[in-house]
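Geometric and topological summary
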Amino acid sequence: MLLATRNPGKIRELRKLLEPYSLTLISLDEVGFDAVLEEPGPGYTESALAKAVAVCAGTGLPALADDSGIEVDALRGWPGPKSARWMGEDATDLDRLHGLLSEVERLTPDDRRARYVCVAALARPGAEPVTAHGECLGVLVAPRGSNGFGYDPAFLSADLGITFAEAPDEEKERVSHRARAIARLGSAGAFDPPSLG
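We now turn to the structure provided with this report. (Residues numbered from 1 in each chain as written. Predicted model: local features only at pLDDT ≥ 70, side-chain atom pairs only at ≥ 80, totals over all residues. Heavy atoms only, no water.)

**Points about the overall build of the chain**
Quick reminder of the rule: Helix numbering and strand numbering both begin at the N terminus, where a helix is a DSSP run of H or I of at least 4 residues and a strand a DSSP run of E of at least 2. Based on C-alpha atoms, the radius of gyration is set beside the globule rule, defined as 2.2 Å times the residue count to the power 0.38. We call two residues in contact when some of their heavy atoms are within 4.5 Å. Surface accessibility in these figures is a Shrake-Rupley result with a 1.4 Å probe; residues are shielded only by whichever protein chains are displayed. His is not counted here, nor are the chain ends, while Lys and Arg score as positive and Asp and Glu score as negative. Every charge is mapped onto a representative atom, which is NZ of Lys, CZ of Arg, CG of Asp or CD of Glu.
Of regular secondary structure, the chain possesses 6 helices and 7 strands. When the elements of the chain are put in sequence order from the N terminus, they spell out β-α-β-α-β-β-α-β-β-β-α-α-α. Its C-alpha atoms give the chain a radius of gyration of 17 Å, near enough to 16 Å, the size a compact globule of 197 residues would have. In the chain, the share of contacts with a sequence separation of at least 24, taken over all contacts with a separation of at least 6, comes to 57%. Looking at the chain as shown, the accessible area adds up to about 9400 Å², and 51% of this sits on carbon and sulfur atoms. If the 21 positive side-chain charges of the chain are averaged to one point and the 30 negative ones to another, these points end up 2 Å apart.

In structure tokens, the structure reads:
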């Protein structure tokens, strides 16, 4: 099964989350898939499906993609599906993290509630694609910790009581938005060998 992402943090996390399913996981680079993965939106589901379907169609192999983001309650869910792109293509994770914290401090300093949201999509040759949704709740805090990626240093998990960047991988993998979406796909049988074609 192909992992339809070029994000090294996501690849690392997905490999860990998919260990229980005894799958052979392949990166895009390993099969020479070099097309740009479009994220047409407007929501997570459309972008996750677009990536999974494009990779499956281009390779003939099952492909797993996700689209995820952070939503700030007081900002009516912003930046949401644009979490990785709202500052432009050249912005780094650190740029986006500090940019979001600046916006929250400027606009809603007294309400820092946030959630991570993920939609995972699995496209398989000759079958309808399937999706699953996962989310986890928390609040935004001053960055701390060195694990994870993206907004993890500032996301204080309601489940763990520490930021995702402070959490050991195995703790984050129990409660993250991506873990919950992957678990839902797995419990629906999406990773069973007959389902993968």
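Here the narrative resumes, following the displayed structure.
**Quick look at the packing of helix α1 (residues 8–17) against helix α5 (residues 177–187)**
To keep things clear, this is the line we draw: A fitted line through C-alpha atoms serves as each axis, taken over the contacting stretch for helices, and the angle formed by two N-to-C directions is quoted from 0 to 180°. When an angle is under 35 degrees it counts as roughly parallel; over 145 it counts as roughly antiparallel; between 65 and 115 it counts as roughly perpendicular; any other value is oblique. Throughout, a crossing is termed right-handed when the near helix is turned clockwise from the far one, and left-handed when it is turned anticlockwise from it by less than a right angle.
Following both chains from N to C, one finds α1 and α5 inclined at 45°, their axes separated by 10 Å at the closest point. Taken together, the axes of α1 and α5 lie oblique to each other. Crossing angle aside, the handedness with which α1 passes α5 is right-handed. Of α5, the residues touching α1 (which contributes Lys 10, Glu 13, Leu 14 and Leu 17) are Arg 178, Ala 179 and Ile 182.

**Overview of the pattern of salt bridges**
Selection rule: Take a side-chain nitrogen of Lys or Arg and a carboxyl oxygen of Asp or Glu: if they are within 4 Å of each other, that pair is a salt bridge. Three labels apply to residues, based on accessible area from a 1.4 Å probe with only protein chains included: buried if under 20% of the type maximum, exposed if over 50%, partly exposed otherwise in between.
The full count for this structure, using the stated rule, is 18 salt bridges. A salt bridge links Arg 178 to Glu 13; the nearest nitrogen and oxygen atoms lie 3.2 Å apart. In this pair, Arg 178 sits in helix α5 while Glu 13 sits in helix α1, placing the two residues 165 residues apart along the sequence. In this pair, the class of Arg 178 matches that of Glu 13, namely buried. For Arg 113, the salt bridge is made with Asp 111, and the minimal N-O distance between the two is 2.8 Å. Each of Lys 10, Glu 13, Asp 66, Asp 152, Lys 172 and Arg 178 takes part in salt bridges that share partners, so that together they form one network.

**Structural notes on the side chain of Lys 10**
Rules: Polar contact criterion, stated in full: a pair of N or O atoms within 3.5 Å, where within protein one must be able to donate a hydrogen and the other to accept it, and residues adjacent in sequence count only if both atoms are side-chain atoms.
Assignment of secondary structure puts Lys 10 in helix α1. Take Lys 10: its relative accessible area is 10%, and that puts it in the buried class. At 2.8 Å, the side chain of Lys 10 and the side chain of Asp 66 are in polar contact. Leave out the neighbours within four places in its chain, and Lys 10 touches Thr 5, Lys 51, Asp 66, Asp 67, Ser 68, Phe 149 and Arg 178.

**Some remarks on the pairing of strand β3 (residues 63–72)**
Side-chain direction in a regular strand flips from residue to residue, so the side chains alternate between the two faces of the sheet. The cut-off we apply is this: Any two strands with at least two DSSP bridges between them are considered paired.
Burial within β3 is extensive, with 10 of its 10 residues counted as buried. What you see with β3 is no split at all: Ala 63, Ala 65, Asp 67, Gly 69 and Glu 71 on one side and Leu 64, Asp 66, Ser 68, Ile 70 and Val 72 on the other are buried throughout. Inspection of the sheet shows strand β1 (residues 2–3) paired to β3 by 2 bridges, in the parallel sense. Opposite Leu 2, over in β3, you have Ala 63 as the bridge partner. Two elements, β3 and strand β5 (residues 113–123), share 10 bridges in a ladder whose sense is antiparallel. Each bridged residue has a counterpart across the sheet, and for Asp 66 the counterpart in β5 is Ala 120. Summarising the sheet, β3 and strand β4 (residues 78–79) pair through 2 bridges and their orientation is antiparallel. Its bridge partner being in β4, Glu 71 is matched across the sheet by Pro 79. Hairpin connection between β3 and β4: a loop of 5 residues separates the two successive antiparallel strands, and Arg 76 in this loop has a positive phi of roughly 55°.

**Side note on the side chain of Ser 27**
Relative to the elements of secondary structure, Ser 27 occurs in strand β2 (residues 26–27). Look past the residues within four positions of Ser 27 in its chain and what remains in contact with it is Leu 2 and Arg 15.

**Regarding the environment of Asn 7**
Tracing the sequence through the fold places Asn 7 in the loop between β1 and α1. Only 3.0 Å separates the side chain of Asn 7 from the backbone nitrogen of Lys 10, close enough to count as a polar contact.

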